[in-house]
Amino acid sequence: MKENGIDTKASRFNMWKLHLSVATVTLIPAAVGINYVAKAFAEGLKLPLWLGSLGTYLASMLAGPTAGAISGFINNIIYGLTLSPVSTVYSITSIAIGIVVGVLFNRGWFSNVKRVFVSAILIALTSAIISTPLNVIFWGGQTGIPWGDALFATMIGNHINIWIASFTDEFVLDIMDKVVVAYLAFFIYRQLPQRMINYFKDNQ
Amino acid sequence: MTAIQLNDVSYHYPTSDFKLTIDQLTMTANLVAIVGQNGAGKSTLFKLLTGLMQPQTGNILINHHDLADLSPADRLKTIGIVFQDPSSQLFNATVEKEVAWSLSQTESDAAVIAEKVAQVLATVGLTDIKDKNPFDLSMPEKKLLSIATVLAVDPQIYLFDEPMISLDWPSQQLVTRLMQQLAREKHQVIAITHDMDWLAATFSKIAVLSDGEIKFEGAPAALFGQPELVHAVGLLPPRIMSIVSDVLGDSRVYLTPADYVAKHQTH
Amino acid sequence: MDIRDDSLQKIARRHWYNFVDPVTKLLLALFLTMLSFDFTPLYFEISLVLFSLTLLLLSRLSKATVNAVSFCLFLIVTMVVIQGLFYSHNVHPLFSVMTITFYREGFLYAATMSARILIIIFAIGFFMGTTTVSENAKYLESIGMPYKLVYLLMSVCYILPQIQQNLSKIQFVERARGINPQKTVMQKVRSILPILIPLIIKTFDQSINRSITLQLRGFDRPERTLATPKYPYFKAKFSHYLLSIVILLLIGCKLWQIISRFL
Amino acid sequence: MANNQQISINDLSFTYRHDSNAVLHHISATAPLNSIIGIIGNHHAGKTTLCRILAGIIPNMMAGDLSGDVQLGPLSPTQNWPALNQQTGFVLQDPASQLSGLADTVADEIAFDLLNHGVANTEIQHRVTEVARQLQLTGQLQRSPNSLSGGQLQRLAIATAIVTKPAILILDDPTSEMDPQGRTEFFNWLTIIEKTTILIVSNEIDDLCEIADRLWLLVDGELVNQGTPLEVINQLKPDWQIGTPQVYQLARSMNWSLGTDLFPVNVNQLRGCLHDRHST
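Residues numbered from 1 in each chain as written. Chains lettered and ligands numbered in written order. Predicted model: local features only at pLDDT ≥ 70, side-chain atom pairs only at ≥ 80, totals over all residues. Heavy atoms only, no water.

Per an unreviewed UniProt entry, chain B goes by Energy-coupling factor transporter ATP-binding protein and derives from Secundilactobacillus mixtipabuli.

Chain A carries the name Energy-coupling factor transporter substrate-binding protein in an unreviewed UniProt entry, which gives Secundilactobacillus mixtipabuli as its organism.

**A closer look at the overall build of chain A**
For chain A, the count of helices and strands is nine helices and zero strands. The N-to-C order of helical and strand elements in chain A reads α-α-α-α-α-α-α-α-α. Of the contacts formed within chain A by residues at least 6 apart in sequence, a portion of 68% connects residues at least 24 apart. Carbon and sulfur atoms provide 67% of the accessible area of chain A, an area that totals close to 8100 Å². (Helix = DSSP H or I, 4+ residues; strand = E, 2+ residues; numbered from the N terminus. Contact = heavy atoms within 4.5 Å. Areas by Shrake-Rupley, 256 points an atom, 1.4 Å probe, with all protein chains shown as cover.)

**Looking at the sheet that holds strand S7 (residues 197-201) of chain D**
Residues and elements named next belong to chain D. Across the sheet, six strands lie side by side as S5-S6-S7-S3-S8-S9; this open sheet has mixed pairing. Of all the strands in the sheet, the pair left with one neighbour each is strand S5 (88-91) and strand S9 (222-227). Mean inter-strand twist for the sheet, computed between neighbouring axes without regard to direction, equals 15°. The sheet contact formed by strand S6 (residues 168-172) and S7 spans five bridges and is parallel. Looking across to S7, one finds that Ile-168 is bridged to Thr-197. Running over the sheet, helix H6 (residues 150-162) touches S5 and S6 and is turned about 170° from S5. The strands touched by helix H7 (residues 180-192) within the sheet are strand S3 (36-40), S6 and S7, with S7 carrying the most contacts at an inclination of about 155°. (Pairing = 2+ DSSP bridges. Axes fitted to C-alpha atoms, helices over the stretch in contact; angles between N-to-C directions.)

**What to know about the domain arrangement of chain B**
Residue and element names in this part refer to chain B. As far as domains go, chain B holds domain 1 (4-89 + 154-235) and domain 2 (237-267). A separation of 27 Å is found between the C-alpha centroids of domain 1 and domain 2. Counting residues at the interface gives 10 residues for domain 1 and seven residues for domain 2. Summed over both partners, the interface of domain 1 with domain 2 comes to about 640 Å²; 73% of that surface belongs to carbon and sulfur atoms. For the domain 1 face of the interface with domain 2, the top three residues by lost area are Asp-197, Ala-200 and Phe-224, together amounting to 60%. (Domains from an automatic or database assignment. Buried area = accessible area lost by both parts, 1.4 Å probe.)

**Structural notes on the interface of chain C and chain A**
Taken together, the contacts link 65 residues of chain C with 62 residues of chain A. Regarding the contact of chain C and chain A, the summed buried area is about 5800 Å², with carbon and sulfur atoms giving 81% of it. There are one salt bridge connecting chain C and chain A. Two residues, C:Asp205 and A:Arg195, come together in a salt bridge whose shortest N-O distance is 2.9 Å. For the pair chain C and chain A, the number of links is eight residue pairs in polar contact (both at pLDDT 80 or more). Looking at the side of chain C that touches chain A, the elements that each hand over two or more residues are helix H2 (22-38), helix H4 (63-86), helix H5 (104-130), helix H7 (147-176), helix H8 (185-190) and helix H9 (192-216) of chain C. (Salt bridge = Lys/Arg side-chain N within 4 Å of Asp/Glu carboxyl O. Polar contact = N/O pair within 3.5 Å; in protein donor to acceptor, adjacent residues only side chain to side chain.)

**Looking at a nonpolar patch on the surface**
Taken together, the side chains of C:Leu248, C:Ile251, C:Leu255, C:Trp256, C:Ile258, C:Ile259, C:Phe262 and C:Leu263 define a hydrophobic patch exposed on the protein surface, amounting to about 910 Å² of accessible area. You can call C:Trp256 exposed: its relative accessible area is 55%. (Patch = residues over 30% accessible without salt bridge, like charges linked within 9 Å, V, L, I, M, F, W, Y side chains within 5 Å. Buried < 20%, exposed > 50% of the residue type's maximum accessible area, 1.4 Å probe, protein only.)

**As for the confidence of the model for chain B**
When pLDDT is averaged across chain B, the result is 93; 99% of the residues are at 70 or more. What the predictor reports for the complex is a pTM of 0.91 with an ipTM of 0.92. (pLDDT = per-residue confidence, 0-100.)

**Thoughts on the interface of chain B and chain D**
Listed by partner, the interface residues are 27 residues for chain B and 29 residues for chain D. Surface buried jointly by chain B and chain D totals about 2500 Å² across both partners, of which 61% is contributed by carbon and sulfur atoms. For the pair chain B and chain D, the number of links is three salt bridges. Among the ionic pairs, D:Asp207 bridges to B:Arg239, the shortest N-O distance being 3.2 Å. Summed over the shared surface of chain B and chain D, the number is nine residue pairs in polar contact (both at pLDDT 80 or more). Put simply, the parts of the chain that give the side of chain B that touches chain D at least two residues each are helix H5 (139-153), helix H6 (169-184), helix H10 (239-248) and helix H11 (257-265) of chain B. In terms of residues, the side of chain B that touches chain D owes the most to one element, H10(B), which gives seven residues. Class assignment of the residues belonging to the side of chain B that touches chain D gives a composition of 15 nonpolar, seven polar and five charged. (Nonpolar A, V, L, I, M, F, W, Y, C, P; charged D, E, K, R; others polar.)

**Section: the UniProt feature "transmembrane region" (unreviewed entry) in chain A**
Taken from the UniProt record, the annotation "transmembrane region" (unreviewed entry) applies to residues 20-38, 50-74, 86-105, 117-139 and 171-189 of chain A. Across residues 20-38 of chain A, the secondary structure splits into 89% helix and 0% strand, with the terminal C-alpha atoms separated by 25 Å. (UniProt positions renumbered as here; feature names shortened; annotations may be inferred.)

**Some remarks on the nonpolar core**
Residues A:Leu54, A:Phe110, C:Phe204, D:Trp216 and D:Leu250 are the most contacted members of the largest nonpolar core, which totals 246 residues. Of all the elements, helix H2 (residues 22-44) of chain A adds the most residues to this core, at 14 residues. Contacts of A:Phe110, omitting those with residues within four sequence positions, involve A:Tyr57, A:Met61, A:Val101, A:Leu104, A:Phe105, A:Val116, A:Ser119, A:Ile123, A:Ala182 and A:Phe186. One finds C:Leu56, C:Leu118, C:Ile120 and C:Ile121 within the second-largest nonpolar core, a separate group that totals 37 residues. (Core = buried A, V, L, I, M, F, W, Y, C linked by side-chain atoms within 4.5 Å.)

**Considering the packing of aromatic side chains**
Each pair of aromatic rings is reported with the distance of its centres and the angle of its planes. In total, this model carries 29 aromatic pairs over all chains according to the counting rule given. Plain terms: the ring middles of A:Phe105 and A:Tyr189 are 5.0 Å apart, the flat faces sit at 70° to each other, and that makes the pair edge-to-face. A residue pair is termed long-range when its members are at least 10 positions apart, and A:Phe105 in helix H5 (residues 91-106) and A:Tyr189 in helix H8 (residues 162-191) qualify at 84 residues. Accessibility classification places A:Phe105 together with A:Tyr189 in one group, the buried group. Ring plane angle 75° and centroid distance 5.7 Å describe the contact between C:Phe39 and C:Phe44, whose orientation is recorded as edge-to-face. Judged by relative accessible area, C:Phe39 falls into the partly exposed class, the value being 38%. (Phe/Tyr/Trp six-rings, centres within 6.5 Å; stacked < 30°, edge-to-face > 60°.)

**Here we look at the UniProt feature "domain: ABC transporter" (unreviewed entry) in chain B**
UniProt's feature table lists "domain: ABC transporter" (unreviewed entry) at residues 4-236 of chain B, given in the numbering used throughout. Annotation note: span residues 4-236 of chain B, helix share 39%, strand share 24%, distance between end C-alpha atoms 28 Å.

Here it is as structure tokens:
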């Protein structure tokens, strides 16, 4: 009976076999938790920022782009299921952010204050490029942030193409959030004890 | 001399039945311990004493001024708190900066800060590792560092939450000496502890909490002279008392092995 | 007798929605969403909204769903205003307030999108309101998902309270050290790192320890006893296949609609 | 050299990869199986690192420069970790972080290891009930692990470690958050566990002297002494800065010796000592 269970498991779900170490498997929920709590924290302080990708950034830096991508994905799924169902679709954006942060970090684009700025712009661009079609499909191009949407309304009121208007709306908001989160991640990573960095590196 | 006075203080959490009620508690002795079982109200009382949480009724007076009226800066100069878990408070890049940060909340002169930081690091024995990342320290070192951040500010009142936990023997000795030194310098030192041996050896006054009420106030010897009370509030007598009663059948009060020796070498 | 099952839930009466397995509920949400994308007439959309709302009302309306609706309401209103005024295909005026004219096309466009959003919220609300985290975890494991993956998806729900506890503890401690986040934006920004650094290091330290103990405790071993589903479900496999096929058809249909527009 | 009936550590040294200084220097120690071994020392002594090596966390999960040899009866954490791990229970310092992170109730948390090992459901019921009773968690079985106090969490961590009936139990400071009653009960309970080798790190020198068969004393990464508590405590050097049990302090000041300058370190020895003095 049990043997049978294992057999069917192996044959039916091979496609789900991802090579994730146990360290990464525990890092990802922690990163998602940090996203969640950081977002709530920023809301509690009434800051005009989301900070909801901080954990994703750190997971990418500690355990590579795959870990970051999965953190971002699960983050939006959980967030979508519990708080705002529509944000589930933005999981695609979060996956991309995880990958871009991981790649940039590995290439050394998080090594000093100047380079972090370049990284942040690239991340914001990625985020905006992927989010814009989703905004258009779901919200007719809006983002849901009042002053971003005011910009959007002004632009399409002046007959500017909806795609350009929507992209501008999203990018303006993204650039601020992504720059702040990139610098937070940069400072926090520098503060992490070496044993912690080594543990996740050794156990990938 | 700093005096803390609690009048008709009560506090209850919206989500539980627990209620802390203290009609009258005055702390003027220099070393005061607050003891009691888990859930007796120690942490609630502690949080009220920090001034960061206000009682629902009554007030807490410090030298006749209401604690609730203190400005944040005055509060820092009045009450310093050493929490049980030091890793909840550390965030600076080095041990030295961690201490300097605390002091910079009440002091702006850089030269004064530098001098004071060097002095307190020497007091707790962390001078050699002042450039280390606080998160690379051992648990006792982290705890000493968190104590140093409070020492630097030099408040009138020191609150210690379970100071002996996660310290090794030499650092326990160091922290005990420090607390005694502070008390001699006329600071009010209040500690929550469940270490009865340390309590019996160190403190001059104990307040015992049980079910959110003060059940005893007085010297350790007086408390442990009432075995029924000690049992009723869920405490244990100091180890030396159970050793002596176990082996010698002597159920009198002894606070430490040295106390026993002193009482028995005089005859 | 069964000490590992929540005795309260054992006693509680089983409702009709407990016979539907979690995966079917999720697929149903996806199915309704795809339907609303494929067939755009407003009456159809409205009937889908009513259908999903009925599902929700016949089961359990959770607070989270109400919150999600109220959160989206603001967006829906601004969407109606912006599209009603500026939608690029606006031709027929609907009504005018002073000199500002609202148009029919933009209004309908916004209404369709709002309907879709409500459908998604209601359908997912149905899933969330009628399943528990442990029911989902057990079901996913019982249908053969590797335990590691179940863990990855579900453990955050269990770890989150721990992180939140740590956060409030750290906020209290840092307040005692003099961090006062209430006032200016600059003070708020300066209070971020002193809170987040200890929180993140503690969280990661706990995940290091957790990864060590999971390995010591035999996590993801092949001989692991598979969980048994919490309830006996009605025709689970059949519903999965049926819904999956229909969803794939609907996706294909939608793609064809999009592609044929360019042909 | 290899003896299947004992624990032996042979010339063990270790340096973490993130650190230039060695944490353990050429440690050699032995102890019989099925005994209780107390590991004592101050911070930076290397106690936690030694536990990690004994449990196989080093080198299987944490990297570094390891040399020397460890043998726990027939098993070795460095050479045959999976087999050793099957028979080992381990309790870390921070109890909250060793919860599985996927359990609704305390009962589910305790059952986690048994499920992983494929134990049958009725057996799981039985063992969870039994272990909960031993560690006084019966009243908490249906509660969420997140709602427990520090001491209860530590007892839960211990419950998860012993529910598989391990042959070796490694406990790294398991009582720091327990209240005095809980701690006393815990140490008493350790003595009634049978057929298990227990290695325990603790600062509770009084309790250790009551229950341990042997003490290993570490100072700055070196094993400076090993033996029975009586031997180790009586041979302490002041510059090691190790606290002494109250029984010993009392006996020493009162000059109640067991002859030849040995002073009792636990209550039983003290009783024997006073009995002998009385009868002579």
